[in-house]
Amino acid sequence: MSRNRLELIRWASAACSLAIVASTLLGRRPEGGWAVLALFGFMLFGPPAALLTLHLHPPKWLRD
């Protein structure tokens, strides 16, 4: 997969997880099934964004 495509996936995942967090913090707090759905959405979009960030821009101590 090309670096540009991975960057696009990274930014899209980060935007989705940020939107989920912002909607729960700024809007009405979800209750019941909506809270589970928000948690599931965050868990679905958050880790790929974090892992792609580490893959594309590794810290100095993680580089070879």
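Residues numbered from 1 in each chain as written. Predicted model: local features only at pLDDT ≥ 70, side-chain atom pairs only at ≥ 80, totals over all residues. Heavy atoms only, no water.

**Here we look at the pattern of salt bridges**
And step 1. For the structure on display, the rule yields one salt bridge.
And step 2. Among the ionic pairs, Glu7 bridges to Arg10, the shortest N-O distance being 2.9 Å. Here Glu7 pairs with Arg10, and both are found in helix H1 (residues 3-26), just three residues apart, close to one helical turn. There is no split in this pair, since Glu7 and Arg10 are both buried. (Salt bridge = Lys/Arg side-chain N within 4 Å of Asp/Glu carboxyl O. Helix = DSSP H or I, 4+ residues; strand = E, 2+ residues; numbered from the N terminus. Buried < 20%, exposed > 50% of the residue type's maximum accessible area, 1.4 Å probe, protein only.)

**Here's the deal with the packing of H1 against helix H2 (residues 33-56)**
And step 1. Relative orientation of the contacting elements H1 and H2 amounts to 145°, with a least axis distance of 8 Å. By crossing handedness, the relation of H1 to H2 is classed as left-handed. The residues of H2 that touch H1, namely those facing Arg3, Leu6, Glu7, Ile9, Arg10, Ser13, Ala14, Cys16, Ser17, Ile20, Val21 and Thr24, are Ala38, Gly41, Phe42, Phe45, Gly46, Pro48, Ala49, Leu52, Thr53, His55 and Leu56. (Axes fitted to C-alpha atoms, helices over the stretch in contact; angles between N-to-C directions. Left-handed = near helix turned anticlockwise from the far one by under 90°. Contact = heavy atoms within 4.5 Å.)

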